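So you can see what is in the structure, the chains are spelled out below.
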Amino acid sequence: MNNQLLNTAREAAWAGVRVLSQLWNQAHHIEEKSKNDFVTEADKASEKAILSEIQSRYPDHLILAEESAKDWNKEALYSDEHLWVVDPLDGTSNFIHGFPCVAVSVAVLRHGQPLAGVVVDVSRKEEFAALKGKGAWVDGNPMRVSRISERGRSLVLTGFPFRQKHKLETYLGLFSQIFQEVSGIRRAGAAALDLAFVAAGRAEGFWETGLLPWDVAAGSLLITEAGGMISDYYGGNGHLTGEQVVAGNPHLHEWLRGKCQIYFG
Ligand code: IPD
Ligand code: CA
Ligand code: CA
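Below you will find a few notes about this structure. (Residues numbered from 1 in each chain as written. Chains lettered and ligands numbered in written order. Predicted model: local features only at pLDDT ≥ 70, side-chain atom pairs only at ≥ 80, totals over all residues. Heavy atoms only, no water.)

1. What to know about the site of ligand 1
The full set close to ligand 1 counts 15 residues, and Asp90, Gly91, Thr92, Arg163 and Glu208 are the nearest of them. Between Asp87 and ligand 1, the recorded distance is 3.2 Å, taken from a side-chain N or O atom to an oxygen atom. Contacts to ligand 1 include Asp90, whose side-chain N or O atom sits 2.7 Å from an oxygen atom. If ligand 1 stood free it would expose 370 Å²; the protein chains cover 95% of that surface. Residue composition of the shell around ligand 1, grouped by class: five nonpolar, three polar and seven charged. (Near = heavy atom within 4 Å. Polar contact = N/O pair within 3.5 Å; in protein donor to acceptor, adjacent residues only side chain to side chain. Areas by Shrake-Rupley, 256 points an atom, 1.4 Å probe, with all protein chains shown as cover. Nonpolar A, V, L, I, M, F, W, Y, C, P; charged D, E, K, R; others polar.)

Below you can see the structure in the form of structure tokens.
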């Protein structure tokens, strides 16, 4: 069963990637959902293609997809039914500008546990996949988090709180603390891809505040199946809601989490 779930997640994610690839670098119809938060016809078309793949195979499963999610609540994530959590275009601002850091993210959860997850990098056509208890793969090859344990050699990824600008001062305080100790920080603009890159050992850690479940669901399984750790700022599993997300290899996660807790806990 779980292998079939992963196959469906992959088929669905690639259906979204095909749609986005066709629309890449074209003029977009842009709507502003809220300040600085955009949606285009590409987000919607990708979601339609993804959901059609899922629903044709699993018509009874529940769905939480960004562009059709209305009144989702935290309890929905812990349903005892299968729940598909979909971000049809992670990095909409990047997509609008032709900045090539965009992804599709598809996960299936049960009882609040991701069972299978796929993130595809739309520009590079690179696929990151994980199956609970079985491992994580990049383009079919096993992937692991990085082994770097020295903070001074670490590259850390993050996202800016652009929807919660009242948190900017706090964020900058935390940024400054982390920046003093690591070798570099990057903000590429697609959280699902940030998590995939940590899972693939291309960066040592990631933190962001104010994400949503579809940004995190697939990436969180990539991280744990690749040997990394992910949590909320208290070390619990509240990261699935997206509000507090901190991930890393086992050497760096606890240090990064502690810093986030001091500032945002
Ligand atoms: C966004 C991206 C971005 C993060 C935002 C997300 P979207 O997703 O992941 O990196 O900073 O918080 O909302 O809206 O482009 O799907
Ligand atoms: Ca997103
Ligand atoms: Ca999105």
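2. Topic: the packing of helix H1 (residues 2-23) against helix H2 (residues 41-57)
Think of two packed helices as two axes; the pair is described by the angle between the axes and how far apart they sit. Put simply, H1 and H2 touch, their axes get as near as 8 Å, and they point 155° apart. Between H1 and H2, the angle falls in the class roughly antiparallel. Helix-helix and strand crossings are classified by hand; for H1 and H2 the assignment is right-handed. In this structure, H1 contributes Thr8, Glu11, Ala12, Ala15, Gly16, Val19, Leu20 and Leu23 to the contact, and H2 contributes Glu41, Ala42, Ala45, Ser46, Ala49, Ile50, Glu53, Ile54 and Arg57. Counted by class, the contact of H1 with H2 contains ten nonpolar, three polar and four charged residues. (Axes fitted to C-alpha atoms, helices over the stretch in contact; angles between N-to-C directions. Helix = DSSP H or I, 4+ residues; strand = E, 2+ residues; numbered from the N terminus. Parallel < 35°, antiparallel > 145°, perpendicular 65-115°, else oblique. Left-handed = near helix turned anticlockwise from the far one by under 90°. Contact = heavy atoms within 4.5 Å.)

3. Here we look at the nonpolar core
Among the nonpolar cores identified, the biggest contains 40 residues, and Val119, Phe128, Met143, Phe206 and Leu222 are the most heavily contacted of them. Excluding residues within four positions of it along the chain, Leu222 makes contact with Gly117, Val119, Phe128, Ala129, Ala130, Ala136, Met143, Ala196 and Ala199. Counting residues in each nonpolar core, the second largest holds 32 residues, with Val17, Leu20, Val104 and Val118 among its members. (Core = buried A, V, L, I, M, F, W, Y, C linked by side-chain atoms within 4.5 Å. Buried < 20%, exposed > 50% of the residue type's maximum accessible area, 1.4 Å probe, protein only.)

4. A closer look at the coordination of the calcium ion (ligand 2)
Protein ligation of the calcium ion (ligand 2) involves Asp87 (OD), Asp90 (OD) and Asp215 (OD), the donor distances falling in the range 2.1 to 2.3 Å. Counting the intervening residues between successive donors of the calcium ion (ligand 2) yields the motif D-x2-D-x124-D. In this structure the calcium ion (ligand 3) is found 3.7 Å away from the calcium ion (ligand 2), and Asp87 serves as a bridging donor for the pair. Across this residue pair, the class does not change: Asp87 and Asp90 are buried. (Donors = N, O, S within 2.8 Å, 3.2 Å for Na, K, Ca; no water.)

5. Details of the coordination of the calcium ion (ligand 3)
Protein-derived coordination of the calcium ion (ligand 3) comes from Glu66 (OE), Asp87 (OD) and Leu89 (O), at a distance range of 2.2 to 2.4 Å. Going along the chain, you hit the donors of the calcium ion (ligand 3) in the pattern E-x20-D-x1-L. Residue class for Glu66 comes out buried when judged on its relative accessible area of 15%. Of the residues examined, Leu89 reaches a relative accessible area of 2% and is grouped as buried.

6. A closer look at the sheet that holds strand E8 (residues 135-138)
Sheet architecture is open: seven strands sit in the order E3-E4-E5-E6-E7-E8-E9, paired in mixed fashion. Both outer strands of the open sheet, strand E3 (62-65) and strand E9 (141-142), are each paired with one neighbouring strand and no more. Pairing between strand E4 (residues 83-90) and strand E5 (residues 103-110): six bridges, direction antiparallel. Note that in E5 the partner of Trp84 across the bridge is Val108. (Pairing = 2+ DSSP bridges.)

7. Regarding helix H4 (residues 168-181)
Helix length check: H4, at 14 residues, gives a terminal C-alpha distance of 20 Å against a target of 20 Å (1.5 Å per residue), a fit within 8%. Against the buried residues of H4 lie strand E10 (155-158), strand E11 (184-186), strand E12 (205-209) and helix H7 (253-264). (Expected span 1.5 Å × (residues − 1).)

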